[in-house]
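# Reading the structure
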Amino acid sequence: MQSKESIINIIILVSGNGTNMENLVLSLHNKTLSQALRQNGINLTKITQTQNNKNKNIQNNQQALIINDTIINNSMLLKDPKIQVISVISNKANAYALKRAKNLKIPHHTIESKNKNRDEFDKELLTYIKELEQKNGLECILLAGFMRILGNEILNSLSHIRILNIHPSFLPFHKGLDSIKKSFEDSNDFGGVSIHFVDENLDSGAIILQEKIIKTPNESFNDFEQRVHDLEYKLYPQAFLKAIAQGIHNV
């Protein structure tokens, strides 16, 4: 049996269809850190003093959390822990993501937000997450189409745990809802995808990884939207892995 120190336990919060959740499970679950890094197209390099200094600067500067294409070996990589998705949690009982989780044989749980005020829901969600943490240990929470804003009580109580969110625009452009449509219709020649740490403000946490999608002439919205989703599937596992392997935490 593996010790808690040799496992990276994560939970995924969902509200809807669950395609990003499914992709995260297929990309990460039951893989060692080194396996997941390689299979998700991330190179491994030996650490140098210059790289070490750069890594320290990244950790100490909220605005510098854009990471290059290589990962620096550290104690986490030497341990090469296994990644496990220990629960998928939905705030909607009818979310198709729960069926996906069942098909993937991932434990899943519903904490219904309907007919509850924010404090009631947050308290119930926090209690369940704390139970999971006490039982299994918990390294990271990934929001994947989770249509609730986490309140300050949750963020403060879980400040020792990495909490990541994916947003389908090139932040800071088009925070909030309908961001793909807004990106498609604006005057910029790009859309994009961003993965960031969650803080108390909407889609405003420190960015871990983001990439632009250049618009093409006469492209339909459906085609543009699909390219955004395809980029989401590539970037979210990479952003999680880089945050873990480089030891970057919520700032």
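All values reported here derive from a predicted model rather than from experimental measurement. (Residues numbered from 1 in each chain as written. Predicted model: local features only at pLDDT ≥ 70, side-chain atom pairs only at ≥ 80, totals over all residues. Heavy atoms only, no water.)

Attention now moves to the overall build of the protein chain. Along its length, the protein chain carries nine helices and ten strands. A burial count over the protein chain gives 49% of its 251 residues as buried. Summarising the internal contacts of the protein chain: among those between residues at least 6 apart in sequence, 72% fall at separations of at least 24. Of the roughly 12,600 Å² of accessible surface on the protein chain, a fraction of 48% belongs to carbon and sulfur atoms. (Helix = DSSP H or I, 4+ residues; strand = E, 2+ residues; numbered from the N terminus. Buried < 20%, exposed > 50% of the residue type's maximum accessible area, 1.4 Å probe, protein only. Contact = heavy atoms within 4.5 Å. Areas by Shrake-Rupley, 256 points an atom, 1.4 Å probe, with all protein chains shown as cover.)

Next up on the list: the layout of surface pockets. In this model, the largest pocket occupies a volume close to 920 Å³. In terms of lining, the largest pocket is formed by 35 residues, of which the most central are G145, F146, M147, I166 and P168. Those elements that provide at least two residues to the lining of the largest pocket are α1 (19–28), β8 (162–167), α8 (179–185) and α9 (221–245). Class assignment for the residues of the lining of the largest pocket results in 14 nonpolar, 13 polar and eight charged. (1 Å grid on protein atoms, 1.4 Å probe; cavity = no way out; pocket = protein on both sides within 12 Å on 5 of 7 lines; lining within 4 Å. Points joined across faces, edges and corners; volume = space filled by probe spheres on them. Nonpolar A, V, L, I, M, F, W, Y, C, P; charged D, E, K, R; others polar.)

A few words now on the packing of aromatic side chains. Taken as a whole and judged by the stated rule, the model has five aromatic pairs. With a centroid separation of 5.6 Å and 75° between ring planes, the pair formed by F173 and F190 is classed as edge-to-face. Residue F173 is located in the loop between β8 and α8, and its partner F190 is located in strand β9 (residues 190–197); the two are separated by 17 residues in the primary sequence. A relative accessible area of 36% places F173 in the partly exposed class. (Phe/Tyr/Trp six-rings, centres within 6.5 Å; stacked < 30°, edge-to-face > 60°.)

With the exception of glycine, the majority of residues adopt a negative phi angle, and the majority of peptide bonds are in the trans configuration. In the segment running from L171 into P172, the intervening peptide bond is cis, with an omega of 15°. Relative to the assigned elements, P172 resides in the loop between β8 and α8. Phi angles above zero are rare outside glycine, and N30 is one such case at about 65°. Tracing the sequence through the fold places N30 in the loop between α1 and β2 (31–32).

The next subject is the pattern of salt bridges. Tallying each qualifying case throughout the model produces nine salt bridges. Residue R118 pairs with D122 through a salt bridge whose shortest N-O separation is 3.8 Å. Pair noted here: R118 and D122 are both in helix α6 (residues 118–136), with a separation of four residues, about one helical turn. Note on R118: relative accessible area 41%, which makes it partly exposed. With a shortest N-O distance of 3.2 Å, E211 and K234 are connected by a salt bridge. (Salt bridge = Lys/Arg side-chain N within 4 Å of Asp/Glu carboxyl O.)

Formed by 44 residues in total, the largest nonpolar core has its most connected members in I12 and F240. A per-element tally of this core places α9 first, with eleven residues. Contacts of F240, omitting those with residues within four sequence positions, involve I8, I10, L28, I83, C140, L142 and L164. Core analysis: the second largest hydrophobic core is formed by 22 residues, I86, L126, F146 and L150 among them. (Core = buried A, V, L, I, M, F, W, Y, C linked by side-chain atoms within 4.5 Å.)

We now examine the packing of α1 against helix α5 (residues 96–103). For the pair α1 and α5, interaxial distance at closest approach is 9 Å and the crossing angle is 20°. Taken as axis vectors, α1 and α5 run roughly parallel relative to one another. Regarding α1 and α5, the two cross each other, and that crossing is right-handed. Contacts between α1 and α5 involve T19, M21 and E22 on the former and, on the latter, A97, R100 and A101. Of the residues assigned to the contact of α1 with α5, the class counts are three nonpolar, one polar and two charged. (Axes fitted to C-alpha atoms, helices over the stretch in contact; angles between N-to-C directions. Parallel < 35°, antiparallel > 145°, perpendicular 65-115°, else oblique. Left-handed = near helix turned anticlockwise from the far one by under 90°.)

Let's shift gears to empty space enclosed by the protein. Counted according to the given criterion, the structure contains one cavity of 30 Å³ or more. Computed from the structure, the largest cavity encloses a volume of approximately 30 Å³. Surrounding the largest cavity, F170, F173, H174, S183, D186, N188, F190, G191 and G192 form its lining. Looking at which element gives the most residues to the lining of the largest cavity, the answer is β9, with three residues. Per-class residue counts for the lining of the largest cavity are three nonpolar, five polar and one charged.

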